Amino acid sequence: MATVLITGANRGVGLAFARTYAARGDQVIALVRNAGAAPELAALAGGKGAVQVLTADVTDEAALATAAKATTSTVIDVVICNAGIMSSRGGLAVAGHDAAEWARVLAANVT
């Protein structure tokens with residue numbers, strides 16, 4: 001049995017990873033920005049496999065530190081960095097799509 005930490009586990013690819021690992025009987029630590037907006041993940045946490053849902057935005061160091069404290073005694077075997085955001089489409093011509101917005105997107109998606 002492996003312990004897998006998945007960021008952005010509330011929907012899409014992240015939720016599919018969580019389902020797959022939980023079905024195998026692995027321990028899943030699901031990191032999401034808003035646990036209240038993740039009903040499918042909450043249902044998964046009540047099913048087969050050990051699923052722990054933690055709330056943290058990957059761009060918020062304090063929130064990540066709090067999540068890390070909740071897993072201090074856990075050895076994590078696999079980390080899947082799936083969290084990501086997409087800003088407005090259209091590039092720099094879109095109002096509000098400035099250097100600060102690019103930095104926010106890159107912080108979530110890359111760093």
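All values derive from a computational prediction rather than experimental measurement.

Novice: Hey, could you go over the sheet that holds strand β2 (residues 27-32) for me, with residue numbers and the actual values?
Specialist: Pairing is parallel in the open sheet, where four strands are placed in the order β3-β2-β1-β4. Two strands in the sheet have a free side with no partner beyond their single neighbour: β3 (50-55) and β4 (78-81). Mean inter-strand twist for the sheet, computed between neighbouring axes without regard to direction, equals 15°. Both strand β1 (residues 3-7) and β4 contribute to a ladder of four bridges, which runs parallel. Within the sheet, the bridge partner assigned to Leu5 lies in β4 and is Val79.

Novice: Got a sec to walk through the pattern of salt bridges? Specific residues and values, please.
Specialist: If you walk through the whole model with that rule in mind, you get three salt bridges. We note a salt bridge from Arg104 to Glu101, for which the minimum N-O separation is 2.9 Å. In this pair, Arg104 and Glu101 both sit in helix α4 (residues 99-109), three residues apart, roughly one turn of the helix.

Novice: Lay out the side chain of Thr71 with the relevant residues and their values.
Specialist: Position of Thr71 relative to the elements: it lies in the loop between α3 (61-70) and β4. Those residues in contact with Thr71 that sit more than four places away from it in its chain are Ile29, Gln52, Leu54 and Ile76.

Novice: Please set out the nonpolar core residue by residue, giving values where relevant.
Specialist: Core analysis: the largest hydrophobic core is formed by 16 residues, its most contacted members being Ile6, Val28 and Leu41. When contributions to this core are tallied by element, the ones reaching two or more residues are β1, α1 (12-23), β2 and α2 (39-45). Setting aside anything within four residues of it in sequence, one finds Ile6 in contact with Gly14, Phe17, Ala18, Tyr21, Val28, Ile29, Ala30, Leu31 and Ile80. Counting residues in hydrophobic clusters, the runner-up holds seven residues, among them Leu5, Ile29, Ala56 and Ala63.

Novice: Account for the pairing of β2, with residues named and values stated.
Specialist: Most of β2 sits inside the fold, with five of its six residues counted as buried. In this sheet, β2 lies alongside β1 in parallel orientation, the contact comprising five bridges. Bridge pairing links Ile6 to Ala30 in β2. A crossover connection joins β1 to the parallel β2 through α1; in handedness this β-α-β unit is right-handed.

Reading the values: rules and limits
Residues numbered from 1 in each chain as written. Predicted model: local features only at pLDDT ≥ 70, side-chain atom pairs only at ≥ 80, totals over all residues. Heavy atoms only, no water. Pairing = 2+ DSSP bridges. Helix = DSSP H or I, 4+ residues; strand = E, 2+ residues; numbered from the N terminus. Axes fitted to C-alpha atoms, helices over the stretch in contact; angles between N-to-C directions. Salt bridge = Lys/Arg side-chain N within 4 Å of Asp/Glu carboxyl O. Contact = heavy atoms within 4.5 Å. Core = buried A, V, L, I, M, F, W, Y, C linked by side-chain atoms within 4.5 Å. Buried < 20%, exposed > 50% of the residue type's maximum accessible area, 1.4 Å probe, protein only. Right-handed = clockwise from strand over helix to strand, strands pointing away.

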